[in-house]
Structures are given as C-alpha cells and as structure tokens.
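# Residue-level structure breakdown
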Amino acid sequence: RPDNREDVDLAVKTKPRTQRPPLYKVLLLNDDFTPMEFVVHVLERLFNMTHAQAIEIMLTVHRKGVAVVGVFSHEIAETKVAQVMELARRQQHPLQCTMEKE
Ligand code: NFA
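Read on for a plain summary of the structure. (Residues numbered from 1 in each chain as written. Predicted model: local features only at pLDDT ≥ 70, side-chain atom pairs only at ≥ 80, totals over all residues. Heavy atoms only, no water.)

### Notes on the packing of helix α2 (residues 36-47) against helix α4 (residues 74-90)
At a minimum axis distance of 11 Å, the contact between α2 and α4 shows a crossing angle of 145°. Our pair here, α2 against α4, has a crossing hand that is right-handed. Counted together, F38, V42, R45, L46 and F47 of α2 and K80, Q83, V84, L87 and A88 of α4 form the full contact between these two elements. (Axes fitted to C-alpha atoms, helices over the stretch in contact; angles between N-to-C directions. Helix = DSSP H or I, 4+ residues; strand = E, 2+ residues; numbered from the N terminus. Left-handed = near helix turned anticlockwise from the far one by under 90°. Contact = heavy atoms within 4.5 Å.)

### Notes on the pattern of salt bridges
The full count for this structure, using the stated rule, is two salt bridges. In this structure, E100 engages K25 in a salt bridge whose closest nitrogen and oxygen atoms are separated by 3.3 Å. Separated by 75 residues along the polypeptide, E100 in strand β3 (residues 96-101) and K25 in strand β1 (residues 24-29) bring together distant segments of the chain. By relative accessible area, K25 is classed as partly exposed at 22%. Among the salt bridges present, the one from R89 reaches E86, with a minimum N-O distance of 3.0 Å. Of this pair, R89 and E86 are both found in helix α4, three residues apart, which corresponds to roughly one turn of the helix. (Salt bridge = Lys/Arg side-chain N within 4 Å of Asp/Glu carboxyl O. Buried < 20%, exposed > 50% of the residue type's maximum accessible area, 1.4 Å probe, protein only.)

### Let's talk about the side chain of D31
The residue D31 is located in the loop between β1 and α2 in this model. This buried residue, D31, is left without a salt bridge; R89 holds the nearest opposite charge, at 15 Å. A distance of 2.7 Å separates the side chain of D31 from the backbone nitrogen of F33, its partner in a polar contact. Within the structure, the side chain of D31 is placed 2.7 Å from the backbone nitrogen of T34, a separation counted as a polar contact. Once residues within four sequence positions are removed from consideration, D31 is found in contact with P94 and L95. (Lys, Arg positive; Asp, Glu negative; His and termini not counted. Polar contact = N/O pair within 3.5 Å; in protein donor to acceptor, adjacent residues only side chain to side chain.)

### Concerning the environment of G65
With respect to the secondary-structure elements, G65 resides in the loop between α3 (51-64) and β2 (66-72). A relative accessible area of 27% places G65 in the partly exposed class. Residues G65 and Q83, spaced 18 residues apart in sequence, show a C-alpha to C-alpha distance of 20 Å.

### A look at the packing of aromatic side chains
In this structure the tally under the stated criterion is one aromatic pair. Measuring from ring centre to ring centre gives 6.2 Å for F47 and F72, while their planes differ by 45°; the resulting arrangement is tilted. Of the two residues, F47 sits in helix α2 while F72 sits in strand β2, which places them 25 residues apart along the sequence. By relative accessible area, F72 is classed as buried at 18%. The ring of F47 has K80 lying over it, and the distance from NZ or CZ to the ring centre is 5.7 Å. (Phe/Tyr/Trp six-rings, centres within 6.5 Å; stacked < 30°, edge-to-face > 60°. Lys NZ or Arg CZ within 6 Å of the ring centre and 35° of its normal.)

Structural data, given as structure tokens:
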C-alpha cells in the first residue's frame, strides 16, 4: 500500500492501558489460642478499623479460618504482616498473618 498504512492501523487499534501496581491481600489466620480481644486490638491498631469493624472481621476469621484484613501495595502489605507477627510474638500468641497477590 502507499505510505505506511499498517503502522497507522496499529496505532489506531492499540488502546492505551493505564499501568497499575499489583495489589496484595493481607490475610489473618485463625488459631485456637490467640485471645479474641488481642485480635481485635491488632485490627484496630494496625488496620485502622473501628471497634465494631474489628470485632466483625475477628469473628469472620474465627468462624471461617481466614479473612482479608486489607489490600495494599507490596511494600505496605509486607510491613503490615511484619507488624502483626511482631505484636503476636511479643505477647507469645501464635497468631499468623500472610499476604498474597490479588
Ligand atoms: N479462635 C480464637 C479463639 O477462640 C480467636 C481468634 C480469632 C484467633 C481470629 C485468631 C484469629 N480464642
């Protein structure tokens, strides 16, 4: 074809895609020993939940075994997991917190 019509077609058809950073779910896991009040405290302190929200999420973890407690960038998610694990370790509770790509 005359000129570079293929290039024009490609340019027209290629939808600009907005780049978004990957997000990570922070998960809290149930166990038989960590006191409910401690879990509520952790959720209020580290995940900016109200007392009512914290109780609701704690009970979800207690009943279902696991719940998402927040969604963050990789760096923030890693920090949250480390902070939960450190608070639990200091009080000698077996509470477990992990992260996974959304
Ligand atoms: N299952 C714990 C109990 O009965 C409470 C708990 C909730 C622990 C959520 C960990 C996470 N004391």
